[in-house]
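Below are the chains, spelled out letter by letter.
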Amino acid sequence: MPIKPAMVQCLLIFFFFLNQPVAAESVASYPEGWETWPIVKESMTLPADTVLPPDTSLFIQESVKAYNWINEGRGSALTIRVHPDKLEQYQSHGHYTDGPTVVAVSEVDGIIWVTEHIAGIAIYGSYNRKGEDVSEMHPTLDPDFCHGCHNTYQDICINGTCAEPVLEIFGR
Ligand code: HEC
């Protein structure tokens, strides 16, 4: 059968759709060498049975609820490390230069939350310690979900970063 241009076109369209991601995929890339980045904060994801005071802000309530499944609901230490070239940028929440900015590492199950900046815009990803994309592992690891919190609460999360750095590295 002779191949007609219309058939080729059809096939191309078919392959285009075949190639579309159907599930979550990290947008930020895995930042090699994050293990040696300076620690700016040691924090926690809280256990599922945490009772927050009634006046806790919606932002904190949502953040606690989103990740209370970590470590089978028992909570985990969380280490926040900033790219060595971006410490000052992080302290002032930007303006951020291009490239990986900051990771939050869940110490128990080794999930690495990644925030990167491109043209001043924050993008997100979730990996394990082997550098494999885990954004499909749980709905709360989907970059769209990260965006929904980090880019919504803009009074707290400025330029896509949310934590108040507390450690001595900033001389406070
Ligand atoms: C419901 C709100 C919420 C969602 C969803 C969320 N985060 Fe966060 N994120 C926070 C809060 C709150 C902190 C500060 C934690 C602290 O200080 O202990 C934070 C901190 C971080 C940090 C440390 C740097 C900083 O200051 O922002 C990274 C990196 C990060 N998140 C990445 C992600 C990624 C990647 C996702 C999605 C897989 C995500 N976050 C989803 C609320 C959220």
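First, a word on what this report is: a plain description of the structure on this page. (Residues numbered from 1 in each chain as written. Predicted model: local features only at pLDDT ≥ 70, side-chain atom pairs only at ≥ 80, totals over all residues.)

1. Some words on the sheet that holds strand E1 (residues 39–45)
Backbone-to-backbone hydrogen bonds pair the strands of a sheet. The strands run either parallel or antiparallel. An order of E1-E2-E3-E4-E5 is seen for the five strands of this open sheet, with the pairing classed as antiparallel. In this open sheet, the two edge strands, each paired with only one partner strand, are E1 and strand E5 (121–127). Strand-to-strand twist in this sheet, taken as the mean axis angle between neighbours without regard to direction, amounts to 20°. Of the strand pairs in this sheet, E1 and strand E2 (residues 76–82) are connected by six bridges, and their pairing is antiparallel. (Pairing = 2+ DSSP bridges. Helix = DSSP H or I, 4+ residues; strand = E, 2+ residues; numbered from the N terminus. Axes fitted to C-alpha atoms, helices over the stretch in contact; angles between N-to-C directions.)

2. Focus: the environment of Asp109
Its location among the elements puts Asp109 in the loop between strand E3 (99–106) and strand E4 (112–118). Spatially, the C-alpha atom of Asp109 lies 9.9 Å from that of Ala77, the residues being 32 residues apart in sequence. Setting aside anything within four residues of it in sequence, one finds Asp109 in contact with Ile70, Asn71 and Ser76. (Contact = placed C-beta atoms within 7 Å.)

3. Thoughts on the site of the ligand
Taken together, 24 residues surround the ligand, and among them Ser43, Trp113, Cys146, Cys149 and Ala163 come closest. A per-element tally of the shell around the ligand places helix H5 (residues 143–150) first, with four residues. (Near = placed C-beta within 6 Å.)

4. A closer look at unusual backbone geometry
In this model, Gly94 is joined to His95 through a cis peptide bond whose omega is -5°. Mapped onto the elements of the fold, His95 is located in the loop between helix H4 (87–91) and E3. Its identity is not glycine, yet Ala119 carries a phi of approximately 50°, on the positive side. Relative to the helices and strands, Ala119 resides in the loop between E4 and E5. A positive phi angle, close to 55°, is found at Asn159, a residue other than glycine. Here Asn159 shows up in the segment after H5. Judged by the 20 C-beta atoms lying within 10 Å of it, Asn159 falls in the buried class. (Buried ≥ 20, exposed ≤ 12 C-beta atoms within 10 Å, placed from the backbone.)

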